[in-house]
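Residue strings, one per chain:
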Amino acid sequence: MLAWAVDALLPICDPVVVVGPADLLAEVAAAVPRAIVVAGGATRGASVRAGLAALAPVPRYVLVHDAARPLAPTALAERVLAALHDGADAVVPVLPLVDTVKQVDGAGFVVATLDRASLRVVQTPQGFRASVLIAAHAHAADATDDAALVEALGVPVWTVPGDPVAGKVTTPTDLARLESGLGGLRREPDPGLVGP
């Protein structure tokens with residue numbers, strides 16, 4: 001999964017920095033020989049900061065990608081970079097929700113049905129002006145994604161169309177779905193993808 005995620009970025013990113021577990025750095029480096037490999041931290045934020053520290057000189061733009069999205073195509077990263085080149089300070093790929101979403105209380109009772117028309121599922125790679133991402137990490141330690149740290153600074157986060165193929169592998173069911181569908185999955189998006 002890691003090698004696939006890196007392969008999608010190599011055509012458009014130089015360098016690619018991979019942040020991995022300190023005790024597995026040799027294995028990680030063997031899996032992605034064209035990437036810089038550094039030890040991560042105990043949290044997502046600490047790992048991103050370790051990756052940022054490995055960039056010298058610091059580039060103008062930075063993409064943050066999860067290996068848990070191994071089929072995210074190069075074209076998805078290109079859309080994110082294009083929005084940065086067009087002036088955005090922070091960019092996330094998104095997909096509209098297709099399911100009804102309920103807000104529940106601590107006891108499990110529904111308290112509200114959310115309007116899914118304005119809700120989106122966020123994917124990676126997420127893109128940032130490097131100075132903005134560094135400032136966001138200096139301001140707050142951790143969040144579920146880097147865009148949330150940038151939002152906390154009051155910096156607008158732009159969206160671009162995501163890709164259904166860029167699903168996240170989090171559970172054994174996700175992995176089984178990935179493995180069973182590899183033969184039919186495409187690496188490049190269709191031109192008519194749904195947008196933000």
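Please refer to the structure placed before this passage.
Small disclaimer: the values here were computed from a predicted structure and weren't measured.

Helix and strand counts for the chain come out as seven helices and nine strands. Relative to the 2.2 N^0.38 estimate, which gives 16 Å for 196 residues, the radius of gyration of the chain is 17 Å and therefore close to what a compact globule would have. Once the C-alpha set of the chain is aligned to its principal axes, its extents read approximately 45 × 45 × 40 Å. By residue count, 38% of the 196 residues in the chain fall in the buried class. Expressed as a percentage of contacts within the chain between residues at least 6 apart in sequence, the contacts between residues at least 24 apart total 66%. The positive charge centre, built from 14 side chains, and the negative charge centre, built from 20, are 3 Å apart in the chain.

We now examine the nonpolar core. Counting residues in hydrophobic clusters, the biggest one holds 19 residues, and the most contacted among them are V6, V16, V18, L63 and V91. Contributing elements (two or more residues each) for this core: α1 (2–9), β3 (61–64) and α4 (74–85). If sequence neighbours within four positions are ignored, V16 has contacts with V6, L9, L10, A35 and I36. Among the nonpolar cores identified, the runner-up in size contains 17 residues, and V48, V132, V150 and V155 belong to it.

Another point: the pairing of strand β2 (residues 36–39). If a strand is regular, its side chains alternate between the two faces of the sheet. Relative to β2, strand β1 (residues 17–20) runs parallel, the two sharing four bridges. Note on β2: the bridge partner recorded for V18 is V37. In the classification by handedness, the crossover that spans β1, the intervening helix α2 (residues 25–31) and the parallel β2 is right-handed.

With their axes 11 Å apart at the nearest point, helix α3 (residues 44–53) and helix α5 (residues 130–139) run at an angle of 140 degrees to one another. If you check the angle between α3 and α5, you find them oblique. Crossing of α3 over α5 shows left-handed handedness. Along the contact surface, α3 presents G45, V48, R49 and L52, while α5 presents L133, I134 and H137. Across the contact of α3 with α5, the residue classes tally to four nonpolar, two polar and one charged.

What follows deals with α3. The set of residues buried in α3 consists of G45, S47, V48, G51 and L52. Buried positions in α3, seen along its axis, are confined to an arc of 160 degrees and lie on one side of it. Contact partners of the buried residues in α3: β1, β2, β3, α5 and α6 (146–152).

Examined bridge by bridge, strand β5 (residues 101–104) and strand β6 (residues 110–114) share four bridges and lie antiparallel to one another. Bridging from a neighbouring strand, V101 pairs with L114 of β6. Once β5 ends, the chain turns through five residues before running back antiparallel as β6, passing G108 with a positive phi of about 95 degrees.

Take the environment of L81 next. Within the secondary structure, L81 sits in helix α4. By relative accessible area, L81 is classed as buried at 15%. Once residues within four sequence positions are removed from consideration, L81 is found in contact with I12, Y61 and L63.

For the rest of this paragraph, the subject is the pattern of salt bridges. This structure, assessed with the given rule, holds three salt bridges. Between D89 and R129 there is a salt bridge, with its nearest N and O atoms 2.8 Å apart. On the criterion of sequence distance, the pair formed by D89 in the loop between α4 and β4 (90–96) and R129 in strand β8 (residues 126–129) is long-range, its members being 40 residues apart. Salt bridges here are not isolated pairs; linked through shared partners, they connect R44, D66 and D146.

What counts, and where the lines are drawn
- Residues numbered from 1 in each chain as written.
- Predicted model: local features only at pLDDT ≥ 70, side-chain atom pairs only at ≥ 80, totals over all residues.
- Heavy atoms only, no water.
- Helix = DSSP H or I, 4+ residues; strand = E, 2+ residues; numbered from the N terminus.
- Rg over C-alpha atoms; globule rule 2.2 N^0.38 Å.
- Buried < 20%, exposed > 50% of the residue type's maximum accessible area, 1.4 Å probe, protein only.
- Contact = heavy atoms within 4.5 Å.
- Lys, Arg positive; Asp, Glu negative; His and termini not counted.
- Charge placed at Lys NZ, Arg CZ, Asp CG, Glu CD.
- Core = buried A, V, L, I, M, F, W, Y, C linked by side-chain atoms within 4.5 Å.
- Pairing = 2+ DSSP bridges.
- Right-handed = clockwise from strand over helix to strand, strands pointing away.
- Axes fitted to C-alpha atoms, helices over the stretch in contact; angles between N-to-C directions.
- Parallel < 35°, antiparallel > 145°, perpendicular 65-115°, else oblique.
- Left-handed = near helix turned anticlockwise from the far one by under 90°.
- Nonpolar A, V, L, I, M, F, W, Y, C, P; charged D, E, K, R; others polar.
- Arc of directions from axis to C-beta.
- Salt bridge = Lys/Arg side-chain N within 4 Å of Asp/Glu carboxyl O.

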